[in-house]
Amino acid sequence: MFVPRQLQRKVLHQQAKEFTPLAPTEKSTKDGHIDPTLAKEMVMTLEILFSDYGIENGPPEWFSTRMRSVEGEGDFIHLSALLDCPLLAEMKPKPSQVTFRKALTQYPSDFLQLSKDKYYIRRRHEYLPSPKSPAGHQRGLEDSTIYIEPHVTGITLNPGRVARMLSQSAIPRKYLPVQFVEAGDTAWAFVILSTAVSHEDAENQELWPKDWIIMTKREWRRRDEEYQQLRRRRPTFPTRIRAPKRHDRAPGSSAQQMWPDRPIASTVPADPASPREDDQKMNADYELGLIVYLTNIHPLTTKETITSFITRQVDRYNRKKSSSKIKHNPSAMYEDGPPVNINYVDYQKGLTTAHLRLRKVQDSELVVSALKKRKRRMQDGNDKKGKKVVNDGGREDWVKATNVKGDEEKIYWEKVLAAKWKGKGKNKRKGPSQPITLDVRPSYEREHTDAGEPSKKIKFED
Amino acid sequence: MSTKTGSYKTYQSHARHTGSNPAAHIPDPRLLLIPQEILKDATVLDIGCNNGAVAGHLLLRHAVKSVVGVDVDEELILKSRSHVNFMLSRLHPDKTDPGGKREEWYPVSSVRKYGSRIAHAEVCARGRFWCGDYVTAVDPVSSPSSAGGGYDVVLALSVVKWVHLAHGDAGLRRFFEKVAADVRPWGYFLLEPQDWESYGRAVGKNPALRGVFEGIRVRPGEGMEGLIVECGFRVVRKWGVGEGGVGLKREVLLFQRLGKGEGEESGLDM
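For chain B, the name recorded in an unreviewed UniProt entry is RNA methyltransferase, with Tuber borchii as its organism. Per UniProt, the comment on chain B under Sequence similarities (unreviewed entry) is "Belongs to the methyltransferase superfamily."

An unreviewed UniProt entry annotates chain A as XRRM domain-containing protein of Tuber borchii.

For this particular structure, what's the right way to read the interface of chain B and chain A?
Interface extent is often summarised as the accessible area lost during association of the parts. Taken together, the contact pairs 28 residues of chain B with 30 residues of chain A. At the boundary of chain B with chain A, total buried surface from both sides reaches about 2,600 Å², with 52% on carbon and sulfur atoms. In this assembly, chain B and chain A are joined by 2 salt bridges. The closest approach of N and O atoms between R112 of chain B and D185 of chain A, which form a salt bridge, is 2.8 Å. Across the contact surface, chain B and chain A share 21 residue pairs in polar contact (both at pLDDT 80 or more). If one sorts the elements of the side of chain B that touches chain A by residue count, helix α7 (residues 108-114) of chain B sits on top with 7 residues.

Got a minute to help me understand the packing of helix α9 (residues 160-182) of chain B against helix α10 (residues 196-205) of chain B in this structure?
The geometry of a pair of packed helices is captured by two quantities: the angle between their axes and the separation between those axes. All names here are of chain B. Axis separation between α9 and α10 bottoms out at 11 Å; the angle between their running directions is 60°. What the angle tells us is that α9 and α10 run oblique. Handedness of the α9/α10 crossing: right-handed. For the pair formed by α9 and α10, the contact residues are V160, K161, W162, H164 and L165 on the first element and S198, Y199, A202 and V203 on the second. Of the residues that constitute the contact of α9 with α10, the class distribution is 6 nonpolar, 2 polar and 1 charged.

Explanation requested: the side chain of N158 of chain A in the structure shown.
Tracing the chain through its elements places N158 of chain A in the loop between β5 (145-149) and α7 (159-167). The contact partners of N158 of chain A, leaving out residues within four places of it in the chain, are E41, T45, E90 and M91 of chain A.

Which parts of the structure should I look at to understand the sheet that holds strand β9 (residues 291-295) of chain A?
Backbone hydrogen bonds are what pair the strands of a sheet, in a parallel or an antiparallel way. All names here are of chain A. Read across the open sheet, the 4 strands follow the order β10-β11-β9-β14; overall the sheet is antiparallel. Of all the strands in the sheet, the pair left with one neighbour each is β10 (342-346) and β14 (400-403). For this sheet the average axis-to-axis angle between neighbouring strands, irrespective of direction, equals 25°. For β9 and β14, the ladder comprises 4 bridges, and the chain directions are antiparallel. Residue Y293 lies in a different strand from β14, and its bridge partner there is T402.

What is the right way to read α7 of chain A from this model?
For an α-helix, the turn length of 3.6 residues means that residues three or four places apart are oriented alike. All names here are of chain A. The buried count for α7 comes to 8 of 9 residues, which makes it a mostly enclosed element. Within the span of α7, buried status applies to P159, G160, V162, A163, R164, M165, L166 and S167. Where α7 is buried, its residues meet α2 (36-49), β5, β6 (180-183) and β7 (189-192).

Looking at this structure, I do not really get the nonpolar core. What am I missing?
Across soluble globular proteins, nonpolar side chains have a tendency to be buried as a group. F50, L82, L166, V178, V191, L193 and W208 of chain A are the most contacted members of the largest nonpolar core, which has 52 residues in total. Secondary structure elements with two or more residues in this core: α2, α4 (60-64), α5 (97-106), β5, α7, β6 and β7 of chain A. Sorting elements by how many residues they give to this core places α2 of chain A first, with 8 residues. Looking at which domains feed residues into this core, each of domain 1 (36-127) and domain 2 (134-230) of chain A gives three or more. Counting residues in hydrophobic clusters, the runner-up holds 48 residues, among them I38, V153, L190 and W239 of chain B.

Rules used in this analysis
- Residues numbered from 1 in each chain as written.
- Chains lettered and ligands numbered in written order.
- Predicted model: local features only at pLDDT ≥ 70, side-chain atom pairs only at ≥ 80, totals over all residues.
- Heavy atoms only, no water.
- UniProt positions renumbered as here; feature names shortened; annotations may be inferred.
- Contact = heavy atoms within 4.5 Å.
- Buried area = accessible area lost by both parts, 1.4 Å probe.
- Salt bridge = Lys/Arg side-chain N within 4 Å of Asp/Glu carboxyl O.
- Polar contact = N/O pair within 3.5 Å; in protein donor to acceptor, adjacent residues only side chain to side chain.
- Helix = DSSP H or I, 4+ residues; strand = E, 2+ residues; numbered from the N terminus.
- Axes fitted to C-alpha atoms, helices over the stretch in contact; angles between N-to-C directions.
- Parallel < 35°, antiparallel > 145°, perpendicular 65-115°, else oblique.
- Left-handed = near helix turned anticlockwise from the far one by under 90°.
- Nonpolar A, V, L, I, M, F, W, Y, C, P; charged D, E, K, R; others polar.
- Pairing = 2+ DSSP bridges.
- Buried < 20%, exposed > 50% of the residue type's maximum accessible area, 1.4 Å probe, protein only.
- Core = buried A, V, L, I, M, F, W, Y, C linked by side-chain atoms within 4.5 Å.
- Domains from an automatic or database assignment.

Right, here's the structure in full:
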C-alpha cells in the first residue's frame, strides 16, 4: 500500500514516542505494579510505624494531628500525610502516595487497614493492643532487643529493609514482626523484635541473615562495658562522648530520640575537668564554624538565587584579590581563588535573613570576607548580582554575613537535627504541623528585636 | 585528584566483587584467594592502599606481622591510619577464644562512641602508611628492602592502571622493577590489573590522560605479564573473571619473585 513519505515519518515518529518510557520514579512493571521487594519494604516500614512501639513511644501529636475520621470510622491517616515520617527518609526510590497504595495492594498487611477509597490507612482495631507487644514492659523490651551489624553499610537507616531481610531469614517466626529499628549509624542498629531473644538463638548464625553480626542487647551491654574498661586503662586518651545516641538512654527509652519533640540531653564531657577547646570540638556532633548568618536579603528571593548571589560575590572577591596581587607583584601568576562550597541554604520565603551551611570553615570565612568587602543590595527576588551600595544614607541595607558561633551555633545545629526528624529536612515533605522557628540570630540582633522592634518577617503571599 | 590517580574514596574496596559498601567485617575475597600460609607472619606492602581496608583485613584476619601502605592521596593515608586503628580496637585482647568471633568482638557502636582503645604507637608498629607516588617517591622510613630483606608479599590491587596512565610504559616498567626490588627473593606479588576498557573510561573522565594513554604499547594481559616476568617474577596462579568464592569481577594474578638460583627455595605450585 502506498503511504506518502511524510505520513510514514509521522507514523514512525509517533511510534517512537509511544515506545519511549517515561522516566520511572520507582521500579515499576508494565502492569503498574512496583518492585515486590520495594513493596514489601514499604509495607514493613508502615507496620513498624504503626507498631505498639512506634505509636506508644512516638510523640502523640504526630499521629493525632494526622488522624481523620473516614466514613464514620476514626484513626485513619491519609497516605500523603505519612510521607514526612522520618522512618521513610532513607527509602529509595522515595515513596509517594501512589506507591504506598500500590505496595499495600500488592502486599496486603494483616496488621494495617486501607480505607475503602484507598487513600487512608490505619492499624486494624483487632490489633490494639497487641498481645505480643512488649511495649510498656521495660524488661521485656530489653530482652527482645538485638544489636545488629548488617553485611552492607547503610541498610540500618532503612527500617523496612532491615525488617524485610530479617523476615526472609531463618529466625523463629515468634520473633516477628519486627517492632522497631533504631539506627545508630550506617553500620549498626538496635532491632526490637516481638518476643525475647535467647542468647543461643542470637549466637546461631544460621538463623540470621548471612554475614550479619547479631548479639542480644544484654551481650552488647556487656561488651560495651568491657570496651569502656579497656579504654579507661589507658588514661592518656581523651574520652570522646558524642551527642547522646539512642542507646545512651535508660533501657527501653531509646525511642525518645527517634521522635523529634523529645528533649535532647545536654552533652556532658566524661572527664570532670573542664574540657579544652579541642575536646569540645571533638565532642561536638557537628563541625564548628560552618554556619553563616545572612541579613538584608530580599524577602521574595529563593534558595537558588541566594546561592548564585553568594557564589558571584565570592568569585568577584577572589578575582579582585588576585588581580591586585598581580598589580603589586607583576611576576605573580594569576590564580583562581578557591570556589565557595555551599552545602545548604536554610531560608524561608518571606524572611530577610537566612543561614548558609558551608562545607568547610574556610568557605564560611570566605563568604564573610567577600560580603564585608563587596557591599551589594538585592534589588528584587531574582537579583543574583546585587546593586553596589555607594551612599545609602546610613540605612546599611546591603547583604551582610556573620559567622554563627558559640551557643547560637549549638542551638542552630540542635534545631536542625530536630527539624530533620520533624520532616523539615531536605528529603522530607512539608508536614501539616507548624514550621519550627529557628531563632538563632546573633545575640545583639535578637536583643534588639526582642526589645520591641518589629520582626523582619514580611508577609508573603504565594 | 580522583580522576587522575583513581583515589576514589571507596574505589579499591572489595565492593567491586562483593556488592556495594560491604561492612568492615566482611572479608576481602581477593585476600582469600591466596594460600594463607603465604600471609602468616608476613611483612606486606600494599601499594595504593586507599582507605586501609585491605591492610585492616590483613592484620586481623590473615595474621600478617605488619603492613606498610602507600597511596598518593594524603586524605586516604589519614583514613587508612584511622581505619586500621578502628579495626584493631574491635579485636578481643585475649588470644584465647572468647566464645565468639575475636576479630569483631567489640561492637562498632562502642568504638564509634568512645573512640579507639589502641595506642598510636601500637598501631604504627603493625600498620604504617606513607603518602607518595610509589614509582618516584622513597619510603621515608627504611623499608625491608633497604635493610637487605624485602617484603614477603607485595599487593597492587586495582592500582596499576593509574600508575600506567600517570607514567606510561616506562613508568610501568619502573614500577615492576621497584616491586621486584622490594620483594624478598621467593616472595610474592599479588596483582589485580584493570582491563583495557577501564583505561578508556579513565581517559573519558580525565582527558588530560589522553596523551599518555595514546602512547601506551604494553596492554594489560599478556603484554603486562611479560613485562613482570622480565622484571624477575614467575606466574604462580591466575584467577579469571568469575572465579573465586564470590565470582571475581577482575582478574587476579599471583607472581613469585625469583631468587638467585632457580629451585633454591620451593615455590608454591598451585
